[in-house]
Amino acid sequence: MAENISQRYELRLRAHPRILADIRRAVAARLRLWGREELISAAGMCVTELLSNVHKHAASPECVLTLENLPHGIQAAVGDTESALPVVKEPDFLSESGRGMFLLSKTAHAWGTDLTPTGKTVWFTLHAEAVEP
């Protein structure tokens, strides 16, 4: 196996629903490369939610997706040009929208937001399952 596989992956994109499947495939490929297959499903759902929020709520669809391979799992982040922070609310399960950040908050081990000079970054971490010796 290659010794110098980058432990960080960055993708500049324009958030739009029609690219979400391609982005999920790119995330899955990177996690496979890092040996983090068990995190693919959760990471795909969480990244999809963050990119959907950019599409729905940010003035510009321009954003940056970053993935980092950490000793205990992964961290993913989406940076955009909107300073308004996402809100987690109790979902109305009959509603067609509004559940995404709630699901992310229940899936990720940690998540948060950081205001930046140009907008904000929303991040989450997923922990890999501990392997018993």
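What you see is a predicted model; the values in this text were computed from it and never measured.

Visitor: Can you help me understand the overall build of the chain in this one?
Guide: Helix and strand counts for the chain come out as three helices and five strands. When the elements of the chain are put in sequence order from the N terminus, they spell out β-α-α-β-β-α-β-β. Across the 133 residues of the chain, 40% fall into the buried class. Expressed as a percentage of contacts within the chain between residues at least 6 apart in sequence, the contacts between residues at least 24 apart total 63%. As displayed, the chain offers around 7900 Å² of accessible surface, 54% of which is attributable to carbon and sulfur atoms.

Visitor: Please clarify how the pattern of salt bridges should be interpreted in this entry.
Guide: Pairs can form between side chains of opposite charge once their charged atoms are near each other. Enumeration according to the criterion identifies six salt bridges in this entry. Linking R12 and E10 is a salt bridge whose minimum nitrogen-to-oxygen distance equals 3.6 Å. D80 is paired through a salt bridge with K120; the nearest N and O atoms lie 3.1 Å apart. Residue D80 is located in strand 3 (residues 73-80), and its partner K120 is located in strand 5 (residues 119-127); the two are separated by 40 residues in the primary sequence.

Visitor: Any chance you could explain helix 1 (residues 20-33) here in plain terms?
Guide: Residues three or four positions apart in an α-helix share a direction because the helix packs 3.6 residues into each turn. Compared with an ideal rise of 1.5 Å per residue, which puts 14 residues at 20 Å, helix 1 spans 20 Å between its outermost C-alpha atoms and is within 8% of the ideal. On the buried face of helix 1, the contacting elements are strand 1 (8-14), helix 2 (40-57), strand 2 (62-70) and strand 3. One or two steps after helix 1, the chain reaches G35, where phi turns positive at roughly 75°.

Visitor: Would you take a moment to explain the side chain of N69 for this structure?
Guide: Tracing the backbone through its elements, the reader meets N69 in strand 2. Judged by relative accessible area, N69 falls into the buried class, the value being 15%. Beyond its immediate chain neighbours, meaning those up to four positions away, N69 contacts Q7, W34, R36 and I74.

Visitor: What am I meant to see in the nonpolar core here?
Guide: The tendency in soluble globular proteins is for nonpolar side chains to be buried as a group. Counting 29 residues, the largest nonpolar core has V27, V47, L51, L65 and F124 as the members making the most contacts within it. Where this core is concerned, the elements lending two or more residues are strand 1, helix 1, helix 2, strand 2, strand 3, helix 3 (100-107) and strand 5. Looking at which element gives the most residues to this core, the answer is helix 2, with six residues. With residues up to four places along the chain from it excluded, the contact list for L51 reads L13, A15, L20, I23, C63 and V78.

Visitor: Explanation requested: the pairing of strand 4 (residues 110-116) in the structure shown.
Guide: Looking along a regular strand, one sees the side chains alternate between the two faces of the sheet. In this sheet, strand 5 lies alongside strand 4 in antiparallel orientation, the contact comprising seven bridges. Looking at strand 5, one finds that W111 is bridged to F124. Counting the residues that bridge the hairpin from strand 4 to strand 5 gives two residues.

Visitor: So what exactly am I meant to see when it comes to the environment of L20 here?
Guide: Among the structural elements, L20 can be located in helix 1. Apart from residues lying up to four places away in sequence, L20 is in contact with T48, L51 and S52.

Visitor: Explanation requested: the environment of M101 in the structure shown.
Guide: Its location among the elements puts M101 in helix 3. For the pair M101 and W111, spaced ten residues apart in the sequence, the C-alpha separation amounts to 9.9 Å. Beyond its immediate chain neighbours, meaning those up to four positions away, M101 contacts E49, L50, N53, P86, V87, V88 and W111.

Visitor: Teacher, can you tell me more about the sheet that holds strand 3 here?
Guide: Within a beta sheet, neighbouring strands are joined by backbone hydrogen bonds and run either parallel or antiparallel to one another. What the five strands build is an open sheet, ordered 1-2-3-5-4; its pairing is antiparallel. Where the open sheet ends on each side, the last strands, each with one partner, are strand 1 and strand 4. The sheet shows a mean angle of 15° between the axes of neighbouring strands, taken without regard to direction. Of the strands in this sheet, strand 1, strand 2, strand 3 and strand 5 touch helix 2, which is tilted by about 170° from strand 5.

Parameters and conventions
Per-chain numbering applies: the sequence of each chain, read as written, is numbered from 1 onward. Only residues with pLDDT of at least 70 are given local features in this predicted model, and only at 80 or more are side-chain atom pairs given and counted; all residues enter the totals for whole chains, interfaces and linings. Side-chain figures throughout are based on the complete set of non-hydrogen atoms in the structure, without hydrogens or water. In this description a helix means any DSSP run of H or I spanning at least four residues, a strand means any run of E spanning at least two, and both kinds are numbered starting from the N terminus. Here's how the labels work: a residue is buried when its accessible area is under 20% of the maximum for its type, exposed when over 50%, partly exposed in between, all with a 1.4 Å probe on protein chains only. Here, residues are in contact when the closest pair of their heavy atoms is within 4.5 Å. Per-residue and other accessible areas were derived by the Shrake-Rupley procedure at a 1.4 Å probe size, with only the shown protein chains allowed to occlude residues. Throughout this description, the term salt bridge denotes a Lys or Arg side-chain nitrogen within 4 Å of a carboxyl oxygen of Asp or Glu. Helices are assigned an expected span. That span is 1.5 Å times one less than the residue count. Note on terminology: a nonpolar core comprises buried Ala, Val, Leu, Ile, Met, Phe, Trp, Tyr and Cys residues joined through side-chain atoms within 4.5 Å. Two strands qualify as a pair provided that DSSP identifies no fewer than 2 bridges between them. Lines fitted to the C-alpha atoms define the axes, with helices restricted to the stretch that makes contact. Angles between their N-to-C directions range from 0 to 180 degrees.

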